[in-house]
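# Residue-level structure breakdown
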Amino acid sequence: PRRERLGLGAQAAAALNAAFNRHLGLPLADLVFADDGARGALEGLLHPRIAALSRERIAAARRGPSPLVVYAAPLLFERGLDAWLGEVIVVDVDE
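Description of the structure in this document. (Residues numbered from 1 in each chain as written. Predicted model: local features only at pLDDT ≥ 70, side-chain atom pairs only at ≥ 80, totals over all residues. Heavy atoms only, no water.)

## Quick notes on the layout of surface pockets
For the record, the criterion: Here a cavity denotes a set of grid points, spaced 1 Å apart and computed over the protein atoms alone, in which a 1.4 Å probe fits but from which it cannot get out, and a pocket denotes an open set meeting protein on both sides within 12 Å along at least five of seven lines; residues with an atom within 4 Å of a point are reported as lining. Grid points are joined across faces, edges and corners, and a volume is the space filled by probe spheres set on the points. Under the scheme applied, nonpolar residues are Ala, Val, Leu, Ile, Met, Phe, Trp, Tyr, Cys and Pro; charged residues are Asp, Glu, Lys and Arg; polar residues are all the others, including Gly.
Taken as a whole, the second largest pocket spans an internal volume of roughly 550 Å³. Lining the second largest pocket are 17 residues; nearest its centre among them are Val-69, Tyr-71, Glu-87, Val-88 and Ile-89. Within the lining of the second largest pocket, the residues separate by chemical class into 15 nonpolar, no polar and two charged.

Laid out in structure tokens, this is it:
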């Protein structure tokens, strides 16, 4: 499951269930992209967990043989996530 690949586990799944259980049957993406409050709630649940996991994995990668880490993140600058990355190289290509 995706939440396990992100390392979010059962705790995040339970929080998501509690926050969005009343919307069962409606795809979560449909809900959060139509409702700013729902999107904010989802981001509030997931973003801190994803950021912590990202910092942990980046720190581990930096201890490895390569001095570079590739980190692809939507809204990197808009959310201030670049602050803890050090140097950032942006690659922008057409589809």
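There is more to say after this.
## So, a nonpolar patch on the surface
Applicable threshold: Patch rule: a residue counts if its relative accessible area is over 30% and it has no salt bridge; like charges are joined within 9 Å, and nonpolar side chains (Val, Leu, Ile, Met, Phe, Trp, Tyr) within 5 Å. Reported accessibility uses the Shrake-Rupley method at a 1.4 Å probe radius. Residues are deemed covered only where the shown protein chains occlude them. When a carboxyl oxygen of Asp or Glu is within 4 Å of a side-chain nitrogen of Lys or Arg, the pair counts as a salt bridge. Helix and strand assignments come from DSSP, with helices taken as H or I runs of at least 4 residues and strands as E runs of at least 2, each series counted from the N terminus. Remark: exposure states derive from per-residue accessible area (1.4 Å probe, protein chains only) relative to the maximum for the residue type, with buried under 20%, exposed over 50%, and partly exposed in between.
Among the surface-exposed residues, Phe-77, Val-88 and Val-90 lie close enough to one another that they form a single nonpolar patch of about 260 Å² accessible area. Positionally, Val-88 belongs in the segment after α4 (36–62). Accessibility expressed as a relative area gives 32% for Val-88, which makes it partly exposed.

## Focus: α4
In plain terms, the rule: Multiplying one less than the number of residues by 1.5 Å gives the expected span of a helix. One axis fitted to the seven residues ending at a residue, another fitted to the seven starting there: the angle between these axes is the bend at that residue. Residue contacts are counted whenever heavy atoms from the two residues lie within 4.5 Å of one another. Whenever a nitrogen or oxygen atom comes within 3.5 Å of another N or O atom, the pair is scored as a polar contact, on the condition that within protein one atom can donate a hydrogen and the other can accept it, and that pairs from neighbouring residues in sequence are kept only if both atoms are in side chains.
Look at α4: 36 Å from first C-alpha to last across 27 residues, which is about the 39 Å you get at 1.5 Å a residue. Maximum bend of α4: about 30 degrees, positioned at Leu-46, with proline Pro-48 one to four residues after it. Buried within α4 we find Ala-38, Leu-42, Glu-43, Leu-45, Leu-46, Ala-51, Leu-53, Ser-54 and Ile-58. Its buried side turned inward, α4 meets α2 (9–20) and α3 (28–34). Two to three positions downstream of the cap, the backbone nitrogen of Gly-37 sits 2.8 Å from a side-chain oxygen, assigning the N-cap of α4 to Asp-35.

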